[in-house]
Structures are given as C-alpha cells and as structure tokens.
Amino acid sequence: MKRYYFDHAATTPVAPEVIQTITKSLIDDFGNVSSTHYFGQREKLKLRQAREVLANAINANLNEVYFTSGSTESNNTIIRQTALSRQNQGKHLITTAVEHPSVLKVMQDLAKKGFDVTFLPVDDSGTISITDFKAALRPDTILVSIMYANHETGRLMPIKEIGQILKNHSAWFHVDATQALGVTKIDVKKLGIDFLSASAHKIYGPKGIGLLYKNQNCVIPPLLIGGEQENKFRAGTTNLPLIFGFAKAMELCDSKEINKWVIIYQEEKRELVKLLTELGVDFAVNGDFNQALPHILNLWIKGIPSNVLLPLLDLDGFALSAGSACTAGSAEDSPVLTAMYPNNLIRVRQSIRISLGHDNQKADVIALAHAIAKRVNHFKRSKEKAVS
Amino acid sequence: MIYFDNSATTPIDPRVLDTFVKVSQTYPGNPSSLHQLGRKATEVLELSRQQIKDILNLKNREVLFTSGGSEGDNLIIKGVAHNRKLSGHHIIVSAIEHAAVLNAAKQLEKEGFEVTYLSPDKNGQIRPETLSNAIRNDTILVSIMAVNNETGAIQPLNELSDILQKYPQIVFHVDAVQAVGKQLESIYLNDRIDFLSFSGHKFRGPKGIGFVIYHPNRHFDPLIAGGGQENGLRGGTENIPAIAAMAKALRLSFDNINQCQKKYIEMKNILLNFLDKDPDFYVISKNSKIYTPSIISFALIGVKGETVIHYLEAQETFISTTSACSSNRNQPSHVLMAMKEPDEVIKGELRVSLGPQNDISEMKNFVNQLEKMKDKLKVFI
Ligand SMILES: Cc1ncc(COP(=O)(O)O)c(C=O)c1O
Ligand SMILES: Cc1ncc(COP(=O)(O)O)c(C=O)c1O
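Reading the values: rules and limits
Residues numbered from 1 in each chain as written. Chains lettered and ligands numbered in written order. Predicted model: local features only at pLDDT ≥ 70, side-chain atom pairs only at ≥ 80, totals over all residues. Helix = DSSP H or I, 4+ residues; strand = E, 2+ residues; numbered from the N terminus. Rg over C-alpha atoms; globule rule 2.2 N^0.38 Å. Buried ≥ 20, exposed ≤ 12 C-beta atoms within 10 Å, placed from the backbone. Contact = placed C-beta atoms within 7 Å. Nonpolar A, V, L, I, M, F, W, Y, C, P; charged D, E, K, R; others polar. Pairing = 2+ DSSP bridges. Axes fitted to C-alpha atoms, helices over the stretch in contact; angles between N-to-C directions. Near = placed C-beta within 6 Å. Domains from an automatic or database assignment. Expected span 1.5 Å × (residues − 1). Core = buried A, V, L, I, M, F, W, Y, C linked by C-beta atoms within 7 Å.

### Remarks on the overall build of chain B
When you go through chain B residue by residue, the secondary structure sums to 14 helices and 12 strands. Rg of the C-alpha trace for chain B: 21 Å, near the compact-globule value of 21 Å for 381 residues, within the 12% margin. Viewed in the frame of its principal axes, chain B has a C-alpha envelope of about 65 × 55 × 35 Å. Across the 381 residues in chain B, those meeting the buried criterion constitute 57%. The long-range fraction of contacts in chain B, counting pairs at least 24 apart against all pairs at least 6 apart in sequence, stands at 74%.

This is the structure in structure tokens:
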C-alpha cells in the first residue's frame with residue numbers, strides 16, 4: 001500500500017543530502033571542537049561556516065546565533081532566563097493563548113513563581129489583535145513572546161506590527177519561528193526580533209538540533225551551564241554532525257526554493273479544498289486560508305470526530321494529525337482550537353491538520369481528498385443506518 | 001595518525017553510524033504523532049530505552065534521554081535543588097567534578113544555596129571521611145563523579161554510598177560520563193545512587209545525545225519544559241536516530257571488554273615504563289588500581305602542556321592538556337589544583353586517553369615520539 005505523509009508540521013523526513021552530510025561528518029569530524037589540537041581548529045572553521053548559513057538565513061550577525069538541542073530548549077532558555085535576569089526591571093510577560101507547550105508551560109510555571117503573565121486571546125481566525133496587545137503592554141513588561149505562526153492552524157501573527165510597537169519599549173521580543181523557518185523568509189533585524197527559536201527537524205534536517213538567535217545587546221545567563229562552548233552560552237560538547245546537517249537543510253531551503261514551495265503548497269491546498277467541495281464533504285477552514293503559512297491547513301470536517309477519522313485514514317495509508325504532535329499523544333482537546341472556538345467543542349473535536357512537505361505530489365493531495373470523502377460518507381451512512 | 005583523546009570524544013563506531021543512518025531513513029516520524037509513523041518511532045524509542053535498562057541491568061530505576069552529559073548534570077543538580085529547597089539549602093559536590101556540575105552548583109550558590117566542595121586526597125580520590133564530615137542536617141544533594149576525566153581516578157562510590165546509607169533523605173547523583181566501557185558497573189550501579197548522567201559520544205555513540213538514570217521516587221524539577229515527552233520530565237521532539245545509535249553503542253561498549261581492559265593495562269604499562277625511567281616526566285595517574293588504565297595523566301616538567309600538544313599534532317598524534325572544555329582558555333586544571341600538585345606539574349599537564357579502536361603498536365609509536373620530542377625540546381627544560 002502506498003503511504004502518504006501529511007504531518008510535516010510534526011516533523012519532516014531527513015533530506016538524503018542532509019543524511020549524507022551528517023554521515024560524512026560523523027566519520028571525518030570526530031574531534032572535539034573544544035580541544036586545542038588540530039582537529040579542534042579545523043572543525044572550528046567549519047562550525048563558523050555552518051553558523052554563517054543560519055545567521056544569513058535570518059539576517060542575524062554571526063555572534064547572535066547559537067545551537068541548542070531544539071526549539072523546546074531555545075524557548076525554555078529565552079523565557080526562563082530573561083525572567084530570571086530582568087525581574088528587577090519588571091515581572092510582567094506577554095504571550096498568546098495558542099503558543100506551543102514549550103512556551104506555555106514555562107509561562108505557567110513563571111506565573112506560579114510570582115510573575116504576571118498576560119495570555120492574549122485569539123479571534124476565530126486564530127490570531128491576536130493589536131488593540132489587545134497595546135492594552136496589555138505595560139512599563140514593567142520585560143518580555144513579549146509570540147509565535148511567528150501557529151503550529152496547528154498555520155495562522156500568522158502580527159509580528160511586524162508588534163516589532164514596530166516594541167521599538168519604543170524596553171521589553172524584549174521573542175518569536176518562536178519553529179513552523180516558519182524554511183517556508184517563509186524571516187529577517188530578524190527588519191522585524192525587530194530580539195530572540196528567535198527554531199528546530200532543524202521541521203526543515204528536513206535532523207532531530208535534536210535547534211537554533212537560538214539572540215540580539216547581541218540582550219544578555220541572559222545560560223540554562224545549560226558547564227564547558228565554554230557556544231561562547232559560554234550553551235554547554236555540552238559541540239554537536240558538529242547535526243549542526244552541519246542543520247546548515248545543509250537550511251541551504252536546501254534557500255530563498256529561491258522557498259518561493260517555489262510556497263507556490264506549490266498554495267496550489268495543493270487550493271486543489272484539496274476544491275476537491276473536497278466537489279466531493280460533497282461538509283467542511284470549514286479553521287483559521288484563515290490566505291493569512292497562513294503555506295504548508296498548513298486545518299479543517300473542520302463536519303460530522304465526524306477526528307479521533308474516528310484519523311485512525312481510518314491511517315489505515316488507508318494517510319498520516320496526519322488532529323492537533324500538534326505533542327498534544328496528540330494525550331486525549332486532550334486542542335488548546336489552540338479551543339481558544340479559537342470556545343463555544344464550539346464539536347468543531348474542536350472534528351478538526352484535522354494537514355501539513356504539506358517536499359515529498360507530497362499533487363496526486364497525493366487528490367488521493368487524500370478522495371480518502372477523506374470516502375471515509376466521511378461511509379461514516380455518515382453507517383450512522384444513518386444505525387438511526388433507522 | 002594516533003588519536004589518544006578519547007576522554008574528550010570518541011570516533012563513532014561504524015556499526016553505530018549504520019544504525020543512525022538506517023533509523024533516520026526508516027523511522028522518520030515524530031513519536032508524539034498517533035499515526036503509524038509516529039507509533040513506529042515510539043517503538044524505536046521505547047525499545048532503545050529498554051535495551052539500556054537491560055544492558056545495565058537496572059532495577060527500580062528509569063531512563064530519560066537528554067542532549068548529553070552537560071544537560072544531564074544540569075538537570076539533576078538544579079532540578080533536585082529547586083525541587084527540594086524547602087527541605088534544605090546545602091549541597092555537596094567534589095572539587096574535581098566536570099564544569100557542568102561545578103558551574104551548575106555555582107549558579108545555585110547565586111540563588112542562595114550553600115555548596116561544599118570536597119577536596120580529594122593526593123591521589124585524586126574523595127575519601128569517605130571527607131564526605132562524612134561535610135554532611136549537615138540541611139544537606140539535600142551530594143554529587144560525586146564515577147571516574148575523573150583528567151586523572152582517571154575511580155571514586156570509591158561504594159564506600160561513599162555506605163556513608164550515605166545513614167542519610168536516606170539525601171539525594172545522591174553520580175556523573176558517570178567517563179565510566180562507560182571501563183568495567184566499572186559494580187562501582188557506579190549500586191542501590192544507594194539515585195541519579196547518574198551519561199553522554200553518548202564518550203562511548204563511540206553520536207554527539208548531542210545522552211541519558212540520565214533516575215530513581216522514580218526521587219523528584220526533580222524539569223530543566224526543559226515542553227510537549228510532555230519523557231513523562232513530562234524533558235520536553236522536545238525525541239532524537240530517535242541518535243537514541244537508537246546510543247543504545248547500540250552502549251551494547252558494543254561491552255564487546256570484548258575483558259580484552260580491551262587488558263589492552264589498556266598493557267598500553268599504560270608501556271607508557272609508564274618509559275615515563276618512570278625519565279626524571280623529567282612526572283606521572284599523575286600512577287600504576288595503581290585507583291586509576292582506570294585508559295586515562296593517563298602526566299607532565300613533562302618545565303614544558304608547557306600546550307607546547308607538547310602542538311609538537312605532537314604536527315606528527316598527527318592527538319592528546320590533550322586538561323579536559324577539552326577548559327583547555328580552550330588555558331585555565332590551569334582545577335582538578336590538579338585540588339590535588340595540590342606542584343605548579344610546574346599543573347602547567348605541564350598532559351592527558352592520554354585510550355579507546356577500543358586503539359592498539360598496542362600505536363602506544364609504542366607514541367613512546368618513540370615522546371623520546372624524540374624530548375631531544376628536540378631539551379632547550380626548554
Ligand atoms: C565527567 C564529564 N561530565 C560531563 C561531561 C559533559 O558531557 P557533554 O559534553 O557530552 O555534555 C564530560 C565531557 O565533556 C565529562 O568528561
Ligand atoms: C511552534 C513550535 N514551537 C516549538 C516546537 C518544539 O520543537 P522541538 O520539539 O523540536 O523542540 C514545535 C514543534 O514541536 C513547534 O511547532
């Protein structure tokens with residue numbers, strides 16, 4: 001049976017070129033970058049080149065890019081350590097109600113420890129309002145943490161506007177760009193971003209390696225302390241093979257490629273929506289079809305709970321998920337959709353996320369639409385039978 | 001080329017590399033996804049975890065994956081301290097710990113915890129009496145490494161555990177990063193030790209992956225919160241290929257372990273025979289069971305360690321001065337300082353560290369290189 005993968009927002013397969021890069025490095029670069037001997041020195045140069053690739057991708061300076069074990073670690077480091085180091089200047093933080101758990105949990109923990117955290121609500125398209133944001137901003141706000149785009153709906157946040165507003169405020173601006181890197185061009189300087197997080201495994205790179213961008217004027221203590229790696233900001237023997245794999249994956253998503261994929265994804269999404277309509281599936285888009293990352297589409301498939309539909313599609317060979325992978329493991333309702341549709345639990349429980357990737361063809365999307373239609377119709381018929 | 005810097009990092013075993021590549025290709029899913037690819041990734045994750053538990057024969061202990069030794073040390077030291085701060089504010093660590101433990105302890109000092117740094121004896125071991133004298137009513141945590149990364153000194157963990165038997169409320173953490181592949185399981189796996197940290201790249205696994213062994217009833221605050229992975233104790237999408245590769249590397253570290261140990265002893269003897277004959281050399285890791293044979297620390301008196309490193313490197317021989325993390329900044333070794341070694345020994349410190357892929361002929365060549373080097377560097381002495 002042919003298998004189709006539509007869960008790229010959870011993780012992407014590793015590109016063959018990236019596996020090659022990692023393998024080569026695992027064989028060749030076995031020295032420890034921290035060693036003074038030759039191995040260390042040669043590898044230091046290559047490390048710098050890899051850092052340059054990531055720095056260029058987001059228009060950061062070389063000394064502003066650090067490697068971590070992933071977005072989760074980056075998010076934890078940025079939020080926790082900013083709170084710790086700036087608590088004398090203020091104890092107020094702003095975030096949104098629909099962040100990834102690696103932001104939300106830290107914020108909730110800080111709230112327990114005496115910080116004042118504003119969780120901005122979202123509208124039914126999944127984004128926050130600038131009016132709400134302005135109203136929440138206070139003189140003692142030390143950090144604003146808002147994702148570039150949501151991981152369940154792809155809905156974009158008003159990053160540019162918030163960056164503008166914060167230009168005249170002392171609060172630092174953190175953006176979790178885990179879903180955006182590689183599918184959209186990000187310029188931290190233009191957007192006024194002080195901190196940014198991302199993970200390689202969302203852009204066809206390896207798992208277990210991530211990016212932390214930190215404006216050089218923002219000083220925070222390390223979360224992982226020990227050796228003097230990463231300019232003393234992140235301890236642990238430098239993970240060269242995966243860093244090179246990350247850089248390779250980033251190169252493969254350079255700006256020209258980005259534009260190509262944006263067009264392909266948009267077309268595939270339009271095709272999917274068109275076909276579902278033609279096949280008589282009753283559905284609605286969660287979020288905003290146009291104000292979203294190109295590869296994510298969240299749909300309310302009316303009349304069939306996602307915990308019924310998804311296992312059936314899985315049997316048919318289609319891998320997709322209800323919410324984010326992280327909340328998928330548990331049977332909880334999606335906190336993102338709940339925030340968008342607080343009075344419509346049925347909608348929350350009947351929604352699925354389709355996230356496209358390089359390995360999807362237009363024919364795959366057509367197959368998906370047919371599979372959904374077939375399963376939905378079958379489910380409805382069997383329900384009608386049960387009733388009659 | 002002679003690579004004798006295995007305590008800094010080891011070359012990955014080709015069979016481990018194979019696992020890494022195969023798992024990367026075959027199991028692309030995120031273990032948190034419910035669909036088939038996610039479930040398969042979860043299977044690999046849990047199988048690897050079980051393998052590690054089986055290999056180390058763990059009972060009443062769990063395994064949690066981290067990004068390496070530094071994270072494991074930070075997680076346990078800070079996590080236990082934060083979790084138990086209502087029970088006490090006093091922590092005990094040895095003065096010869098790796099920077100990951102020492103700096104985590106220093107961070108806690110800034111937060112108001114009190115830390116006692118235990119001095120080693122002249123051999124580089126922490127004496128049980130020293131620990132016993134440092135324990136207070138409000139001591140919540142003790143952290144002492146299994147094998148020192150600079151001298152190879154094996155710490156008397158069983159004797160230290162005997163002391164701690166009397167204080168069941170104190171949490172005992174052991175940094176076992178340097179202990180794998182050295183036949184020391186009977187020392188670092190005893191019932192009194194609650195937590196251990198490990199790092200994959202020190203036993204021919206990949207970098208950027210490690211694990212912590214934890215006691216399910218000893219609580220700690222997570223360092224990295226997130227999507228509920230690892231039972232809510234460590235967030236972040238699991239690095240499945242590296243985890244599977246590390247489990248394999250751990251298994252392989254037990255292959256031919258008797259022969260490996262014999263080989264290390266023979267190699268160490270060859271080196272010591274040479275060094276002991278020459279009064280300009282000073283041996284720190286002496287011929288004694290105290291030291292694991294694969295880590296040999298010594299000095300050429302009057303010559304800076306760095307000079308020797310660079311001389312040898314020109315002949316494609318790689319050893320190190322102090323541990324890799326501090327060697328960058330030319331800081332004097334805190335381990336040798338704690339052992340009260342003379343200044344000229346500290347300045348001249350050299351470390352040879354062996355791995356399974358090294359052989360006796362390499363040691364013979366190395367000794368020849370040292371001999372020739374001494375003639376060349378005589379002017380300095
Ligand atoms: C004893 C000890 N603990 C901890 C570490 C840190 O391990 P890693 O660099 O893999 O984080 C090392 C090695 O660098 C070590 O030798
Ligand atoms: C928006 C967002 N932030 C953070 C993360 C965490 O990334 P990782 O699991 O690689 O640490 C994810 C993905 O899981 C995400 O989608």
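### Section: the interface of chain A and chain B
With 57 residues of chain A at the interface, the matching set in chain B holds 59 residues. Elements represented by at least two residues in the side of chain A that touches chain B include exactly helix H1 (16–28), helix H2 (38–58), helix H3 (71–86), helix H4 (101–112), helix H8 (240–252), helix H10 (306–315) and helix H11 (325–328) of chain A. Ranked by the residues each element gives to the side of chain A that touches chain B, the list is headed by H4 of chain A, at five residues. Residue composition of the side of chain A that touches chain B, by class: 26 nonpolar, 24 polar and seven charged.

### Let's talk about the sheet that holds strand E9 (residues 281–283) of chain B
Residues and elements named next belong to chain B. Taking strand neighbours across the sheet as the criterion, the three strands line up as E9-E10-E12 in an open arrangement whose pairing is antiparallel. At either margin of the open sheet sits one strand with a lone partner, and together these are E9 and strand E12 (349–353). Mean inter-strand twist for the sheet, computed between neighbouring axes without regard to direction, equals 30°. Strand direction decides the pairing type here: strand E10 (residues 295–300) and E12, joined by five bridges, are antiparallel. Residue pairing for E12: Ile295 is matched across the bridge by Ser353. Strands in contact with helix H9 (residues 257–277) are E9, E10 and E12; relative to E9, the strand with the most contacts, it is inclined by about 135°.

### Observations regarding the site of ligand 2
Around ligand 2, a shell composed of 16 residues is seen, among which Gly70, Thr72, His151 and Ser199 of chain A together with Thr237 of chain B lie nearest. Near ligand 2, the surrounding residues are drawn from chains A and B. For the shell around ligand 2, the residue count by class is two nonpolar, 13 polar and one charged.

### Points about the domain arrangement of chain A
Residue and element names in this part refer to chain A. Under the domain assignment, chain A is made up of domain 1 (4–12 + 255–387) and domain 2 (16–252). For the side of domain 1 that touches domain 2, the secondary structure elements donating two or more residues are helix H9 (255–278), strand E10 (296–301) and helix H12 (335–340). A breakdown of the residues in the side of domain 1 that touches domain 2 according to their chemical character gives 14 nonpolar, 12 polar and three charged.

### Considering H3 of chain A
Its 16 residues give H3 of chain A an end-to-end C-alpha distance of 22 Å, which sits within 8% of 22 Å, the value for a rise of 1.5 Å per residue. Counted residue by residue, H3 of chain A has 13 buried out of 16 residues, so it is predominantly covered.

### Notes on the domain arrangement of chain B
Interface size is commonly expressed as the accessible surface area that is lost when the partners come together. Residue and element names in this part refer to chain B. The assigned domain composition of chain B is domain 1 (2–9 + 256–380) and domain 2 (14–252). Among the secondary structure elements, those contributing two or more residues to the side of domain 1 that touches domain 2 are H9, E10, helix H11 (324–327) and helix H12 (334–338). By residue class, the composition of the side of domain 1 that touches domain 2 is 11 nonpolar, 12 polar and two charged.

### Description of the nonpolar core
Judged by nonpolar contacts, the single largest core of 227 residues is most densely connected at Ile243 of chain A together with Val174 and Tyr188 of chain B. Residue contributions to this core peak at nine residues, all from helix H8 (residues 240–252) of chain B.

### Quick word on the sheet that holds strand E7 (residues 195–199) of chain B
As a general point, the strands of a sheet are linked pairwise by backbone hydrogen bonds and lie either parallel or antiparallel. Residue and element names in this part refer to chain B. One open sheet accounts for seven strands, arranged E2-E8-E7-E6-E5-E3-E4; its pairing is mixed. Where the open sheet ends on each side, the last strands, each with one partner, are strand E2 (62–66) and strand E4 (114–118). In this sheet, adjacent strand axes meet at a mean angle of 20° when their direction is disregarded. Inspection of the sheet shows strand E6 (residues 171–175) paired to E7 by three bridges, in the parallel sense. Paired with His173 across the bridge in E7 is Phe195.

### Some remarks on the site of ligand 1
Surveying the vicinity of ligand 1 reveals 17 residues, the closest of which are Thr237 of chain A together with Gly68, Gly69, Ser70 and His98 of chain B. Residue contributions to the shell around ligand 1 peak at three residues, all from helix H3 (residues 69–83) of chain B. Grouping the constituent residues of the shell around ligand 1 by class yields four nonpolar, 11 polar and two charged.

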